[in-house]
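Observations on the three-dimensional arrangement
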Amino acid sequence: MKTKVISYSFTGNNDALAAGFAREVGAEHIRITEPKKRTAGKILKENIFKKDPKINLSGDEISEDDFIVFFSPFWFGKVASPLRSYLKQLSGKAFKYGFISLCVGFEHPDGLDQFKTELGAMLRREPEFVIIKKVADLLPSDPPPTQTMLNDFRVSPEDLESLLPSLIEGAGGKFPR
Ligand SMILES: Cc1cc2nc3c(=O)[nH]c(=O)nc-3n(C[C@H](O)[C@H](O)[C@H](O)COP(=O)(O)O)c2cc1C
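These lines cover the structure that appears in this document, whether it is placed above or below. Predicted, not measured: the structure shown is a model, and the values here were computed from it.

Once that is clear, we can look at the overall build of the protein. Helices and strands together make up the secondary structure of the protein, namely six helices and seven strands. In the protein, the succession of helices and strands from N to C terminus is β-α-β-α-β-β-β-α-β-α-β-α-α. Here the protein has a C-alpha radius of gyration of 16 Å; the compact-globule value for 177 residues is 16 Å, and the two agree. Taken over the C-alpha atoms alone, the protein extends approximately 45 × 40 × 30 Å along its principal axes. Counting over 177 residues, the protein shows a buried share of 45%. With 25 positive and 24 negative side-chain charges, the protein shows a separation of 7 Å between the mean positions of the two kinds.

In this section: the pattern of salt bridges. Scanning the model with the defined rule gives seven salt bridges in all. Between Lys 4 and Asp 66 there is a salt bridge whose closest N-O contact spans 2.8 Å. Here Asp 66 lies in the loop between helix H2 (40-49) and strand E3 (67-71) and Lys 4 lies in strand E1 (residues 3-7), a separation of 62 residues in the sequence. The burial state of Lys 4 is the same as that of Asp 66; both residues are buried. Residue Arg 23 is joined to Glu 24 by a salt bridge in which the shortest nitrogen-to-oxygen separation is 3.8 Å.

On the surface, Lys 36, Lys 45, Lys 51 and Lys 54 cluster together into a positively charged patch. The residue Lys 54 is located in the loop between H2 and E3 in this model.

Moving on: the packing of aromatic side chains. For the coordinates displayed, the defined rule picks out 14 aromatic pairs. Seen in terms of ring centroids, Phe 21 and Phe 71 are 5.5 Å apart; in terms of plane orientation they differ by 65°. Their pairing is edge-to-face. Separated by 50 residues along the polypeptide, Phe 21 in helix H1 (residues 13-25) and Phe 71 in strand E3 bring together distant segments of the chain. On the accessibility criterion, Phe 21 (0% relative accessible area) is buried. Relative to Phe 115, the ring of Phe 99 lies with its centre 5.2 Å away and its plane at 65°, an arrangement referred to as edge-to-face. Here Phe 115 lies in helix H4 (residues 111-123) and Phe 99 lies in strand E6 (residues 96-103), a separation of 16 residues in the sequence. This pair shows no difference in class: Phe 99 is buried, exactly as Phe 115 is. Through successive ring pairs, a cluster of aromatic residues spans Phe 21, Phe 67, Phe 71, Phe 129 and Phe 175.

Definitions and cut-offs
- Residues numbered from 1 in each chain as written.
- Predicted model: local features only at pLDDT ≥ 70, side-chain atom pairs only at ≥ 80, totals over all residues.
- Heavy atoms only, no water.
- Helix = DSSP H or I, 4+ residues; strand = E, 2+ residues; numbered from the N terminus.
- Rg over C-alpha atoms; globule rule 2.2 N^0.38 Å.
- Buried < 20%, exposed > 50% of the residue type's maximum accessible area, 1.4 Å probe, protein only.
- Lys, Arg positive; Asp, Glu negative; His and termini not counted.
- Charge placed at Lys NZ, Arg CZ, Asp CG, Glu CD.
- Salt bridge = Lys/Arg side-chain N within 4 Å of Asp/Glu carboxyl O.
- Patch = residues over 30% accessible without salt bridge, like charges linked within 9 Å, V, L, I, M, F, W, Y side chains within 5 Å.
- Areas by Shrake-Rupley, 256 points an atom, 1.4 Å probe, with all protein chains shown as cover.
- Phe/Tyr/Trp six-rings, centres within 6.5 Å; stacked < 30°, edge-to-face > 60°.

Purely geometric numbers; function is a separate question.
Right, dumping it as structure tokens:
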């Protein structure tokens, strides 16, 4: 069994977190990218028309005895569409996995348990862990951050240093190499 970190990121936060996590646990890091350039407008359109974008990965990079740690932002309360495209390609495989997101404030209409159930239904196995890290927790609370500050937040090397140990511990601490 090998641990692999697979991430999608639009503005770099989740890729930076995933890269640090992979480095710390000695895992391979694979990025989901798209052949076409993405814009915020495209995210909105896709959300309305529920389209799955084309991505660079096929699913062959994972085998059934791998342990996968996914990283992705949320868009409009749902996992970002490029990761969703990838998860759909993996639905026939039975591998262990966890999910981590650095996002503004995760607002799945039915909460975290429902999100876990959805992941479980898509991948035919419940996640080992789901960790949601909120950008607001990385910013000073007084005065409270504005929406612009939250949206424009980019994770720094200092943020990574403080976040990674708790993420690794929260994810179970031990990862097969
Ligand atoms: C179009 C759009 C929709 C978003 N919707 C959500 C959301 O529903 N919940 C949330 O917590 N964050 C939401 N965000 C914020 C991102 O999840 C957050 O900025 C994240 O840190 C970006 O990660 P990235 O740099 O890896 O792309 C949204 C961002 C964009 C651009």
